Amino acid sequence: MKKSTLKLMLLILTMSAIVSSTDAQLGKLKDLKNKVASKVGGGDRDAFPSVWTSKTSSKANIYSCTSPNGNYALTTSKTDMSLIDGASGDELWYAKFKEATGEVITNSNYQYVLWEANTLLLFDSKAGKNDRIAGINLADGSLMWTLDGYQIPKKTIEDAIAYIPEMKAFAFSLPAKTVMIDVKEGEVIWETEEFRGAIGRHIYLEEEGQIVMINFMRGAFDAFAAGIENINAIAKLDIRTGDVIWKTSHQGFGGKKYITKERQGDLKIEGDRIFVIYNGIQVFDFNTGENVWSAYYNQDIKILKKPAGMASGLEGGAGRKLSGATYDAIADPLITDDAVYVVLQEKDKKVRRKYLQKFDLATGELLWTSEKINDAKALPRLALVDGVLVAQIGGLVNQQYSAMLKDPVSKGTYWAHVNEWVWVGKFGLRGFNADNGTEKWNSDKFKGAITKMATDGANVFAASNKYFYSIKAKNGVENYQVDFKATKVGKPKFSYDIGEAVTIMGTKGVTAFQKSNGETLYSSEKIKKIERTYERGGKLYVQNEKDDLTLLDLQTGATLGTVKIPKHNSEKKTLAQAAVGGQGNDEQYARIRELSGGADLTEDGKYIFVFDGTKIIKYQAE
């Protein structure tokens, strides 16, 4: 081999080693940038491939949904039901209620599926307290059992049932008592009048043979029927007999969200303490039920943005024209190894002044209270960064409601069932000394919006309508600001912390900024007008204003596939047809579950099922 050739090879190897060393020093940031560069503009896919198209024999106007694992699709109406095989699309069975039950039940407006138990519960509402419950085996559509003599809490049926898989039974909460029912036999295992009201959360304790349950009141009738001693109760019961071991009062707990039916709050047991996390924190002694300490607030935001065109007076009949709630406006408690930070508020008419408090986690001792934070109608996030408690003021909050609207053409009225995200200001960030609660800095740079703040070990990141900011948590000093308008993705909306970068979905597209220097990793205008997002199996799906469903790669901004959702009439219903709750209504399934538009996702995010009347299409997302 010639010396010149050898020298050239050595030079190439040396340069390769230098490049490799440099790349290693740049680390994941460069890898991420290269990944983005290789995919943006070339990684988009227009549509997911369909696996099969099927047709259900059921009228399919109450339930149209899939099991969490996608093995089955269930469709029902008030009079019939059908089960579709998720793998093949074949209809496994179809049955009319009157034939399946031997005319025990011919019509059911209220239904509840227990996928874990492979059971469909049918409720036949009759006069007085003679409502009938039937258990249907989803394996073949056959009747397993019936129960009579219970008054069903109709519009809140999903809040009345808590399935206990370890017992193969479900607790059925009634205004006057709670009943534990064997899901396969229909036998009443026990019932108690000592614990009433809807079941918020429960913890099954197999070794102790006990269950801890917390309730909440669904309304004034629940509170009246339950009695003073049962309003807002938490109890430990013997799982075999239903005997109450102890029962005590709590300050408040929530049911499922109004439209999407996601559970609110949490119930945890750590050592000899029970933690109730909802609108603050409440701590109880596991052995006695004694309230050890609490830091609780009443949610002050109802419905922020009333829809245009609401019916008024007696239009559409007497009764409420608007009902619902607002969520994610106040931060959950921030719990560390030895302390908990909580957002509290003053009880006054404006209810805009908030303050922060720090408690000793073990004893509940109040360690400090911050100065008042004015004009903070929403304070949705807390983060502990570099010894500083950072509070986000204002942001994007979720409101879910039903409103009676006037149709401008027919002049009639209809119900709109809405799940939307709205901005609540003022907007800003504040830093507090975590040791004593004194304010260290206040940033009011955020004009028109503030996205969900992201953090690293020393900094906080968020965007306004104009700029994307990096701010030192220690002192509030700005590291940099990047022109957000230059991304051409419209105004910011949803934000995701993806480690070394922050992805922001705007009204006209999606963009991402590198945390280290604010460099724009990508900007894509492929998807616009995003209204909702859903996470499944580590995948992020977004829905636009037409309910079309798209899988988005947050790292690159590429769209990995889209499903067009058929337009339904689920937003426009007559007064006679409309209601919200577990019963569903004609074509209203799109508004009583988490996804909008008549689509369903498997829990691993791999498959999408679209329900278009009696037509069902299964799509593969990967």
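Our structure is the block above this text.
Quick caveat: nothing in here was measured; it's all calculated off a predicted structure.

A. Geometry of the overall build of the protein. For the protein, the helix and strand inventory stands at 4 helices and 45 strands. Scored against the burial criterion, the 622 residues of the protein give a buried share of 54%. Residue pairs at least 24 apart in sequence account for 50% of intrachain contacts in the protein once pairs closer than 6 positions are excluded.

B. Fine view of the sheet that holds strand β15 (residues 210-216). The strand order across the open sheet built from 4 strands is β14-β15-β16-β17, with neighbouring strands paired in antiparallel fashion. Either end of the sheet is taken by a strand with one partner, and the two such strands are β14 (198-205) and β17 (244-249). Each neighbouring strand pair of the sheet contributes to a mean axis angle of 15°, computed without reference to strand direction. Bridging between strand β16 (residues 233-238) and β17 involves 5 bridges; their strand directions are antiparallel. Residue pairing in the sheet places Ala235 in a bridge with Lys247 of β17.

C. The arrangement of the nonpolar core in detail. Core analysis: the biggest nonpolar cluster contains 36 residues, and Leu114, Leu120, Leu121, Phe123, Ile161, Phe170 and Phe172 have the highest contact counts within it. Setting aside anything within four residues of it in sequence, one finds Leu114 in contact with Thr119, Leu121, Ile161, Tyr163, Phe170 and Val183. Counting residues in each nonpolar core, the second largest holds 28 residues, with Val283, Val340, Leu379 and Ala434 among its members.

D. View of the packing of aromatic side chains. Within the structure shown, the criterion is met by 15 aromatic pairs. Judged by centre distance (6.4 Å) and plane angle (65°), the ring pair of Phe170 and Phe172 falls under edge-to-face. Phe172 carries the same exposure label as Phe170, and that label is buried. Here Phe468 and Phe513 contribute two aromatic rings whose centre-to-centre distance is 4.4 Å and whose plane-to-plane angle is 5°, an arrangement assigned as stacked. Here Phe468, found in strand β33 (residues 467-472), pairs with Phe513, found in strand β37 (residues 510-514); they are 45 residues apart in sequence, far enough to count as distant. By the burial criterion, Phe468 is buried, and Phe513 matches it.

E. Up close: the pattern of salt bridges. The tally for this structure, following the rule as stated, stands at 17 salt bridges. Glu478 serves as the salt-bridge partner of Lys445, at 3.3 Å between the closest nitrogen and oxygen. In this pair, Lys445 is assigned in the loop between β30 (439-443) and β31 (454-455) and Glu478 in strand β34 (residues 478-483), connecting sequence segments 33 residues apart. Here Lys445 falls in the partly exposed class, since its relative accessible area comes to 33%. Here Asp548 ties to Lys564 by a salt bridge, and the two come within 3.7 Å at their closest N and O atoms.

Criteria and thresholds
Here the residue numbering is sequential within each chain, running from 1 through the sequence in written order. Selection of residues for local features in this predicted model requires a pLDDT of at least 70, selection of side-chain atom pairs for listing and counting requires 80 or more, and totals for whole chains, interfaces and linings are taken over all residues. As a rule here, side-chain values come from all non-hydrogen atoms in the structure, and water together with hydrogens is ignored. Helical segments are the DSSP runs of H or I of at least four residues, strand segments are the runs of E of at least two, and each set is numbered from the N terminus. With a 1.4 Å probe rolled over the protein chains alone, any residue whose accessible area is under 20% of its type maximum counts as buried; one over 50% counts as exposed, and the rest are partly exposed. We call two residues in contact whenever any of their non-hydrogen atoms come within 4.5 Å of each other. Only strands that DSSP links by at least two bridges are regarded as paired with each other. Axes here mean lines fitted to C-alpha atoms, for a helix over just the part in contact, with angles spanning 0 to 180 degrees between N-to-C directions. Residues belong to one nonpolar core when they are buried, are Ala, Val, Leu, Ile, Met, Phe, Trp, Tyr or Cys, and are joined through side-chain atoms within 4.5 Å. Here a pair means two rings of Phe, Tyr or Trp (six-membered ring of Trp) with centres within 6.5 Å. Their orientation is stacked below 30 degrees between planes, edge-to-face above 60, and tilted elsewhere. Only one rule defines a salt bridge in this text: a Lys or Arg side-chain nitrogen within 4 Å of an Asp or Glu carboxyl oxygen.

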